[in-house]
Every structure is written in C-alpha cells, then in structure tokens.
Amino acid sequence: MSFEEIDVRREMDLESQMALQALKIHTFRFYPKEKLIMLSESTARHFGCKRHYENAPDSVADSFVFSKDKEKNNRTYQRILEGPDTVSETLRTADGNRFYRLALSVMERDETGFPTIVGGVLEYYDDHMRAVELSKVLSDDYSSMYFVDFIKDEVTPYRMADFINDNYGQQISSRPKYGDVMKNYIIHEVVPEEQASVLQMTSYENLSKYFSDELRRSFVYEFRVLRDGAPKFIRAKFVNLSEEGVLSRAVVGFADVNTEKAEAWERLAYIDQLTGGWNYTFYSEQLKREGGTGYVVSADIKAFKLVNSVCGISKGDDILRKISIIIDNAVHGCGFYGHLNADHFVFFLKVDSDETVAKVLDEINRNIEFMVAEEGIPKISPYFGVTRWKAGMRNQVVLSEANTAKHRIKSSKDEFYAFFRQEDVERALEIKFIEDSFEKALENKEFKIWYQPKYDPDSLEMIGAEALVRWLRPDGQLVSPGKFIPIFESNGMILELDKYVFSNVCERQIDWEKKYGRIIPISVNLSRASLYFNSIVEDYGRIADFIGIDPKYVPLEITESAAVGNGEIKELADKFYDAGFHLHIDDFGAGFSSLSTLNMMRFDTLKLDKSIIDYIGDHAGDVLLKHTIAMVKDLGLEVIAEGVEVKEQVGFLRDIGCDGIQGFFFAKPMEEDDFEKSLYAVKGMTK
Ligand code: C2E
Ligand code: MG
Ligand code: MG
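Residues numbered from 1 in each chain as written. Chains lettered and ligands numbered in written order. Predicted model: local features only at pLDDT ≥ 70, side-chain atom pairs only at ≥ 80, totals over all residues. Heavy atoms only, no water.

1. Observations concerning the coordination of the magnesium ion (ligand 2)
At step 1: Surrounding the magnesium ion (ligand 2) are the protein donor atoms Glu466 (OE), Asn525 (OD1), Glu557 (OE) and Asp586 (OD), which sit 2.0 to 2.2 Å from the metal.
At step 2: Between the magnesium ion (ligand 2) and the magnesium ion (ligand 3), the interatomic distance is 4.1 Å, and Asp586 donates to each metal, bridging them. Taken together, the positions of Glu466 in strand S18 (residues 462-472) and Glu557 in strand S21 (residues 556-559) put the pair 91 residues apart, joining distant regions of the chain.
At step 3: For Glu557, a relative accessible area of 1% puts it in the buried group. (Donors = N, O, S within 2.8 Å, 3.2 Å for Na, K, Ca; no water. Helix = DSSP H or I, 4+ residues; strand = E, 2+ residues; numbered from the N terminus. Buried < 20%, exposed > 50% of the residue type's maximum accessible area, 1.4 Å probe, protein only.)

Set out below in structure tokens:
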C-alpha cells in the first residue's frame, strides 16, 4: 500500500476535519508495519508541519512531544500493537507548556490480528491549566487522577496508578460514563460491607447536593479496598471545577492512605481523650520498650474535686489539660508519662538518684502553683508516690508500690512526695490480714470488752463506765482499738462489731443487775460509719428489747466530728431519743466544736476530750473550760471529762461543776472480771 493510496482511501473529508478542529481535536493515522504517521490536512495545517512522518513514532515524538514524555509516547504506540483496541495517554507538547491527550484506536487488523491501520486523535486539554492546578490541589500523593465531565458524562484519565491502569485502563481510556466506571470499580475493589455506602457517597446525586453549597470546593471520602486479600485505606478527593453551586466538571483523585491512616490510628490509640496528652496505654508501651532503670511516679491532685464543684466540670477538664502539659514539660527528655484517669497521672523518670526525682517533682509542684495563681482557681496541689523501677518488674506491681507511698502522705500538710518503703507493704498486708480475719475473730469471740469506770468528783462514787473493745488474738497478743477500728470503719465491718459490743454490754448489765441488785449506765461507742445504716435505731432498739434492758442504761457515744456538719444526724438523734436511748457526744474539743449545732440535737451528755483536759493549769485553758462547762450545763447537758490523769485536774473539774470523770487517775480500762470486782469499790482522792 502506497502513501497515496492510503491517503485517498482513508482521508476524512475536509469538512469533518474542520469540525473536529473546531473542537480542538486533531486526527492522524499510524501505519505500524510501515512505521509511518500521516497527519490529516487540517492537523498539519494547525501545527504548521509536514504531513508524513517516517520512522514513527520516534520521528513524531522528536517534533511534537516534550522530551521527558517521549518514552511515554513511544510506549503508547507500542501498547496499541499488543492487543487492545484503544489506548490513551496524556502528554505535553514539545515546549512542555501544554497538555494533550493522545488516543489511538485500531481501525484495521491483518489476518493475524496485528493492527495495520491505527487512527490517532490529539486532543488538547482545554482544561490543561486546570489540570496543572489540580495536580497541585491533589499533590503527588494521589496516584490516580481523573477529569470528570458530568455534562457529557465522561471520565478522562489524567494519571493512573499502575494497578488501576492494568485492570481498568482500557475501560477508562474509552471515556466511560462516570456512574459506570465507579460502579465497576466499587464492585470489584471495595470491601463488601462498604460498597453500598461508597456508591452512595460518590454518586453524582450526592456530590452535586454536597457542592450545591457554594463554599464547598472539595469533598473527601475514605473507604477500604481489598488488595491481596487485605483491606487498605483509600482516600478519594473530588475537587469541583464548575461555577459555584453546580457540579458540571470535577477532578477526582485517589490516594493510598494506608500508612498514614495506620499511623494516625496508632497515635489515636495513645492519645488521652480528656487531656489531649498521652494516655496510660502509651505509658505502659513506652515502659515495655525503654524501661531500663529509673523511677515510677504516681501523681494525684489534692482537692481537685473542689475545682470541678466551684468552677464547673469544663474548667476542671481545662485545668487537667494544663496539668498534663506541665508534667509533659517536666518529664520531657528524661522520661515519659500517661494520664490514668480523673486527676491521676503516672510517669517514668530515667534518672539515677532520689535527688533528681525530687527536683523534677519540685518543678511540677511549682508550676502547678503558678498555674493555680494565674487561673484564679481554688488551691490544688499535687502529691506523688515514688518507687524504683528495675527492668523485668511488673508494671502493675510497681504502680501499686508508688500508690502505697502516695497514700501515706495523702493528708500530710508538709510533704508532697514520698518514696516507697517496704514497711508500707507490711502495713498493707496487715490491713488485709485484719480484714480477712474479722469474721473468724467475731465467731471465736476474740473481741473482748474492757470497762473504764466513770466517777462522780464529789462523792467519788462510780456512776458509770465506758465499754471499750480489745482484740485478743489467738497468739495472746492484745490489739488496741486504734489499730483495727479505722480499718473496720473504712470497710463497713464496724457495724457488726458495734452491735456485738452493744448486745454483750446489754447482757452483762442484766447479769450484774440480777447479781448486785443495782445498775449504772455503761456507755458503748457507735462509730460514725455505723450511723450511715438506715436501720441502726431499729436494730439497736430490737436488741435492747430482746435482752430486756432499758436503753438508757446503755448510752451511745457518738464522736463529735460525726455529729457536727452532718444534717442527717439530727434526725437520727431524734429517733434514738424517741426510742429511749441516751446519746453522749464523744471527744468534744478534739475537733471542730460547735456548741450551737450540738444544742439543736438531743444529746444529754458531753464528753470533754483529753486534749482540752490537758490544758488545765494553763490560764487561758482554765477560762475556756470554765465557760464551756457553764454553757453546756446551761443547755441542760451533763459533762464528763475524759483522759483525766492527775489530781489537780480532778480538783479543778470538780470545782467548775463537772458531773463525771473518766481517766487513768481513777482507773484504766480493765477486763470484765476486774471491772466486776470494782463495781462497788470507790477509789479515794488520796491514791
Ligand atoms: P474513746 O471512745 O474516746 O475512748 C476513750 C479512750 O481514751 C480509750 O482508749 C481510753 O483507754 C483512753 N483513755 C481513758 N482515760 C485515759 C487517760 O487518762 N489517759 C489516756 N492517755 N488515755 C485515756 P481506747 O480504749 O484505746 O479506745 C480508743 C478509741 O477507740 C475510743 O476512743 C473509741 O473511739 C474507739 N473504740 C473503742 N471501743 C470501741 C467500740 O466498741 N466501737 C467503736 N466504734 N469504737 C470504739
Ligand atoms: Mg468513747
Ligand atoms: Mg473520747
């Protein structure tokens, strides 16, 4: 076939050529076997070049294609020979300034199927400037980019990732409809559970609704595809190129964001929701990774609840964020930290001396102090428990050591940090042991009731007594109540113990009354923790009833601090009073005393604590006591002094009208048998 023949047979008429040119589309033919390219007349005119190029495609590439795109150009010509009916590529003109699309489609094949005539189309991207722009918008991360003309409903590839090119290149190069190409892609690539939503989100309807808001220029949507059996994150970005408020042309980019996503997720897993700083998971992971030797510090904020209740929760959260930053700054470079919960933080310091730890803690303490002043919030201060970390230790064990140390100084006024000591564990074990053996001890009657008499300072007669519990351990050790009462108070077991003491005293009273024909009141202590049980009055009333004793012979001592500031106590006191009980206020003067509050309640006796009795002999103390006693008596209450150890105290108390005296001067608490013997004995002042 000669050139002339080809020309005559295949040349498009000039009119059609002009029409195409008006559309900025230029045609040519490629004769692979002859390695010949022949431009249409209008194309040659448009480019101002000759019509025939031998040794194609190299010769064409030399005069029409940007040097860097030559290889791409030649590969496109090669590809059309390898089977497909159409191929296309985006190339730049020789000067590199303009983009155009080169599309080749087979027009004729020989009997072996090899293309003999290939039609070529060169189409300038009218949008090429935009394409440059959008390549900026979409950056290099977008491995695939398409131009979508929604009016013509055509998708034109601008850049295709290899995977997409291999699998969809042909379909996409033939300018499919947007809806079709997306559907095909979604069904084959997207993970099944997301297919419906991706289809909906990327539909023309959804996009045009989204872009109907003029301010919206781009829409980003992420989904997962299956690659080699594993889900991978893909980000699709739609940039609207149309006039505001409509969607007629857009650019769509697809980026593989799997690594970025995985990192973000990983980071998210370590970020504390409340403070925005690191969380406990981060701390423990770091500890595993780079523990080495150092110190673990457990931090807590004293009175933090106050910030929440005075300034509101959101201010409280804000303060926690600030504390998190202060800790972050302090441990930066020498450790790491994590927020545990509420106002608890934990951190690791890679330092080698107690002094360095103290310095860091001091810095945190000072900076929190500054922050408190700056924010004008109620005074809060941190306190820390510190313990040494050695590689291979268990995170939880070490943290609980630090917590133990921290608890030791929780209510200390001068210390704000403490190092863990082995004794702390021993104490914790002791507490656990005491708790564990309570029930058995109660069953085995290991709790013994001792009695301490109360005397009338005038007649020196025994007018009553107080029952005080002791724990006689099976090994013969006698444990004083100060050691176990606070533990039983904190876990609620005290209720059982108090009832046990109360019913035993009731029974003894009945026995002694029968034996000696006389009964004097023996008071029992009622813990503040017992007061929180609703049925306490009924329970005690029932016990007294069952044993058959008038409750006034077993007065209840309630500690002053439980009575003051507890509104419900008034109601309870009324109920006890109505049930026939007598109530004593214990430890008056040891804490925050408020006679006016006490006056509103139906107590009948006030017990002066040893701590104010000790003031006797001091002028101011004497005046205070004198007035207090006068006032209390005016209110119609009896006064009993406790902890009276010396003769002078007895004389003074008698002179100012004290009704009863309890203390070592007369008698120490004693075992039941001894008490029984002394029931009628009266000690003289001459002792
Ligand atoms: P309390 O009720 O104020 O009891 C008085 C405490 O002062 C007793 O200590 C007593 O031995 C001590 N005491 C009395 N006179 C003197 C003195 O002249 N000098 C000194 N230094 N101390 C004196 P005890 O027996 O160790 O009891 C301590 C606390 O344990 C009691 O203080 C009471 O609060 C509590 N307690 C004792 N038994 C019970 C009980 O059965 N139930 C409850 N809930 N608490 C109890
Ligand atoms: Mg008492
Ligand atoms: Mg007392």
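Structure's up, so let's keep going.
2. Looking at the pairing of strand S5 (residues 99-109)
At step 1: As paired elements, strand S4 (residues 86-92) and S5 share seven bridges and run antiparallel to each other. Bridge pairing in S5 links Thr86 to Ser105.
At step 2: Across nine bridges, S5 lies against strand S6 (residues 115-124) in antiparallel orientation. Looking at the pairing, Arg101 lines up with Glu123 of S6.
At step 3: Counting the residues between successive antiparallel strands, the hairpin from S5 to S6 contains five residues, one of them, Gly113, with a positive phi of roughly 95 degrees. (Pairing = 2+ DSSP bridges.)

3. Considering the site of ligand 1
At step 1: Residues in close proximity to ligand 1 total 23 residues, the closest being Asp498, Asn525, Asp586, Glu645 and Phe664.
At step 2: For ligand 1, a nitrogen atom lies 3.1 Å from a polar atom in the backbone of Val469.
At step 3: Measuring from an oxygen atom of ligand 1, one finds a backbone N or O atom of Phe664 at 2.8 Å.
At step 4: Contact with the protein chains covers 80% of the free accessible surface of ligand 1, which is 800 Å².
At step 5: When each cavity is represented as a set of grid points, ligand 1 is found to reside in the largest pocket.
At step 6: Elements represented by at least two residues in the shell around ligand 1 include exactly S18, helix H18 (481-491), helix H19 (494-516) and strand S22 (583-588). (Near = heavy atom within 4 Å. Polar contact = N/O pair within 3.5 Å; in protein donor to acceptor, adjacent residues only side chain to side chain. Areas by Shrake-Rupley, 256 points an atom, 1.4 Å probe, with all protein chains shown as cover. 1 Å grid on protein atoms, 1.4 Å probe; cavity = no way out; pocket = protein on both sides within 12 Å on 5 of 7 lines; lining within 4 Å. Sits in = over half its atoms within 2 Å of the grid points.)

4. Some points on the sheet that holds strand S13 (residues 335-341)
At step 1: Sheet architecture is open: five strands sit in the order S13-S14-S12-S15-S16, paired in mixed fashion. The sheet is open, and its two edges are formed by S13 and strand S16 (417-419), each paired on a single side. Between one strand and the next, the sheet's axes are offset by a mean angle of 20 degrees, whatever the strand orientation.
At step 2: Looking at chain direction, strand S12 (residues 294-302) and strand S15 (residues 381-389) are connected through nine bridges and run antiparallel. Within S15, the residue paired with Gly294 across the bridge is Trp389.
At step 3: Of the strands in this sheet, S12, S13, strand S14 (344-349), S15 and S16 touch helix H16 (residues 395-408), which is tilted by about 135 degrees from S15. (Axes fitted to C-alpha atoms, helices over the stretch in contact; angles between N-to-C directions. Contact = heavy atoms within 4.5 Å.)

5. A short note on the nonpolar core
At step 1: Residues Phe447, Phe488, Phe502, Phe576 and Leu653 are the most contacted members of the largest nonpolar core, which totals 79 residues.
At step 2: Considering every element that reaches this core, the biggest residue donor is H19, with 10 residues.
At step 3: With 31 residues, the next largest nonpolar core counts Tyr295, Ala299, Ile323 and Ile368 among its residues. (Core = buried A, V, L, I, M, F, W, Y, C linked by side-chain atoms within 4.5 Å.)

6. Overview of the coordination of the magnesium ion (ligand 3)
At step 1: Those protein atoms acting as donors to the magnesium ion (ligand 3) are Asp586 (OD), Asp587 (OD) and Glu642 (OE), and they sit at 2.1 to 2.3 Å.
At step 2: Expressed as a motif, the donor residue spacing for the magnesium ion (ligand 3) is D-D-x54-E.

7. With respect to helix H26 (residues 647-655)
At step 1: Taken together, the buried positions of H26 are occupied by Gln649, Val650, Gly651, Phe652 and Leu653.
At step 2: On the buried face of H26, the contacting elements are helix H24 (610-613), helix H25 (619-634), strand S24 (638-642) and strand S25 (660-662).
At step 3: Positive phi appears at Gly657, one or two residues downstream of H26, with a value of about 95 degrees.

8. Thoughts on empty space enclosed by the protein
At step 1: Scanning the entire structure with this criterion turns up three cavities of 30 Å³ or more.
At step 2: Those elements that provide at least two residues to the lining of the largest cavity are strand S2 (36-39), helix H4 (58-64), helix H5 (70-80) and S5. (Points joined across faces, edges and corners; volume = space filled by probe spheres on them.)

9. Thoughts on the packing of aromatic side chains
At step 1: For the coordinates displayed, the defined rule picks out 39 aromatic pairs.
At step 2: On the numbers, 6.0 Å between centres and 45 degrees between planes, the contact of Phe219 with Phe238 is tilted. Placement of the pair is Phe219 in strand S9 (residues 218-227) and Phe238 in strand S10 (residues 230-240), with a sequence separation of 19 residues.
At step 3: Residue classification places Phe219 among the buried residues on the basis of a relative accessible area of 7%.
At step 4: The exposure class assigned to Phe238 is buried, which follows from its relative accessible area of 1%.
At step 5: With centroids separated by 6.1 Å and ring planes inclined at 90 degrees, the aromatic side chains of Tyr417 and Phe419 adopt a geometry described as edge-to-face.
At step 6: Among the aromatic residues, those joined into a ring-pair cluster are Tyr210, Phe211, Phe219, Tyr221, Phe223 and Phe238.
At step 7: Its end group placed over the ring of Tyr383, Lys302 keeps NZ or CZ at 5.6 Å from the ring centre.
At step 8: The ring of Phe664 carries the charged tip of Lys668 above its face, separated from the ring centre by 4.9 Å. (Phe/Tyr/Trp six-rings, centres within 6.5 Å; stacked < 30°, edge-to-face > 60°. Lys NZ or Arg CZ within 6 Å of the ring centre and 35° of its normal.)

10. Some words on the layout of surface pockets
Over the atoms rolls a probe the size of a water molecule, and its path tells where empty space is left.
At step 1: Empty space within the largest pocket amounts to approximately 800 Å³.
At step 2: Around the largest pocket, the lining comprises 32 residues; the ones closest to its centre are Glu466, Leu468, Pro481, Asn525 and Asp586.
At step 3: Contributions of two or more residues to the lining of the largest pocket are made by S18, H18, H19, strand S20 (522-526), S21 and S22.
At step 4: The volume enclosed by the second largest pocket comes to roughly 420 Å³.
At step 5: Surrounding the second largest pocket, 20 residues form its lining, Lys72, Glu89, Tyr158, Arg159 and Met160 being those nearest its centre.
At step 6: Elements that contribute at least two residues to the lining of the second largest pocket include exactly H5, S4, S5, strand S8 (154-159) and helix H7 (162-173).
At step 7: Element by element, the count of residues in the lining of the second largest pocket is highest for S4, at five residues.
At step 8: A class-by-class count of the residues in the lining of the second largest pocket yields six nonpolar, five polar and nine charged. (Nonpolar A, V, L, I, M, F, W, Y, C, P; charged D, E, K, R; others polar.)

11. A few points about the pairing of S10
At step 1: The buried fraction of S10 amounts to eight of the 11 residues, a majority that puts the element mostly inside the structure.
At step 2: Two strands pair when backbone bridges link them, and S9 and S10 are joined in this way by 10 bridges, in the antiparallel orientation. Bridge assignment links Arg224 to a residue of S10, and that residue is Phe233.
At step 3: As consecutive antiparallel partners, S9 and S10 are separated by two residues, and within that stretch Asp228 has a phi angle of approximately 50 degrees, a positive value.
At step 4: Pairing analysis gives seven bridges linking S10 to strand S11 (residues 249-256), with the strands arranged antiparallel. Within S11, the position partnered with Lys237 by the bridge is Gly253.

12. Let's talk about the packing of helix H13 (residues 304-311) against helix H14 (residues 313-331)
Packed helices, taken two at a time, are described by the angle between their axes plus the distance between the axes.
At step 1: Two elements in contact, H13 and H14, have axes separated by 6 Å at closest approach and are oriented at 140 degrees. What the angle tells us is that H13 and H14 run oblique. Residues Phe304, Val307, Asn308 and Cys311 of H13 lie in contact with H14, whose contacting residues are Ile313, Lys315, Gly316, Ile319, Leu320 and Ile323. (Parallel < 35°, antiparallel > 145°, perpendicular 65-115°, else oblique.)

13. Observations regarding unusual backbone geometry
For residues other than glycine, phi is negative in most cases, and the peptide bonds are mostly trans.
At step 1: Between Ala56 and Pro57 the backbone carries a cis peptide bond, its omega angle lying at 5 degrees.
At step 2: Here Pro57 is to be found in the loop between strand S3 (52-53) and H4.
At step 3: Look at Leu460: it is not a glycine, yet its phi comes out positive at around 60 degrees.
At step 4: In this structure, Leu460 sits in the loop between strand S17 (447-455) and S18.
At step 5: Among the residues examined, Leu460 registers a relative accessible area of 13% and is labelled buried.

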